[in-house]
Amino acid sequence: MEMTTRQELRREFNRFLLRRLPPCKEIAMLISQSLDRRLGLRERLILRLHLVACRPCERYLQQSEFLSSAIDVMNDDEKEALYEGALSASARERIKSALRSAAPLAAFTCLFLG
Ligand SMILES: [Zn+2]
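First, a word on what this report is: a plain description of the structure on this page.

Rules behind the numbers
- Residues numbered from 1 in each chain as written.
- Predicted model: local features only at pLDDT ≥ 70, side-chain atom pairs only at ≥ 80, totals over all residues.
- Helix = DSSP H or I, 4+ residues; strand = E, 2+ residues; numbered from the N terminus.
- Buried ≥ 20, exposed ≤ 12 C-beta atoms within 10 Å, placed from the backbone.
- Axes fitted to C-alpha atoms, helices over the stretch in contact; angles between N-to-C directions.
- Left-handed = near helix turned anticlockwise from the far one by under 90°.
- Contact = placed C-beta atoms within 7 Å.
- Nonpolar A, V, L, I, M, F, W, Y, C, P; charged D, E, K, R; others polar.

### Considering the environment of Leu21
Alright, step 1. When you line up the elements, Leu21 lands in the loop between α1 (5-20) and α2 (24-36).
Alright, step 2. Given 19 C-beta atoms within 10 Å, Leu21 falls into the partly exposed group.
Alright, step 3. Sequence separation of Leu21 and His50 is 29 residues, and the distance between their C-alpha atoms is 6.7 Å.

### Examining the packing of α1 against helix α3 (residues 41-53)
Alright, step 1. Following both chains from N to C, one finds α1 and α3 inclined at 145°, their axes separated by 8 Å at the closest point. Seen from above, α1 lies across α3 with left-handed handedness. Counted together, Asn14, Leu17 and Leu18 of α1 and Leu49, Val52 and Ala53 of α3 form the full contact between these two elements.
Alright, step 2. Class assignment for the residues of the contact of α1 with α3 results in five nonpolar, one polar and no charged.

Structural data, given as structure tokens:
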């Protein structure tokens, strides 16, 4: 499929941005930190600009936010069991079924939860 001029411009713009911003590895760390604390102005700016140009990091942010919200609905005992790797079968099933709607993420989570 041939790229339109608009798509080529977009691709060049993304490359221009990504050459001037920290690599995805650093952005992934920023994304994780953004779930635990409010980022500084400079960090937020770097993150937003990177996300404009980088689809994988944008997806990583969405999946991280989704997982974080899934953990938020767990009670303290379930969280403790999750971190110890000893979640009860019923809790595992409940989480799996809640995550089934997000297919790619559910696959990862089922792998993670066993
Ligand atoms: Zn990236």
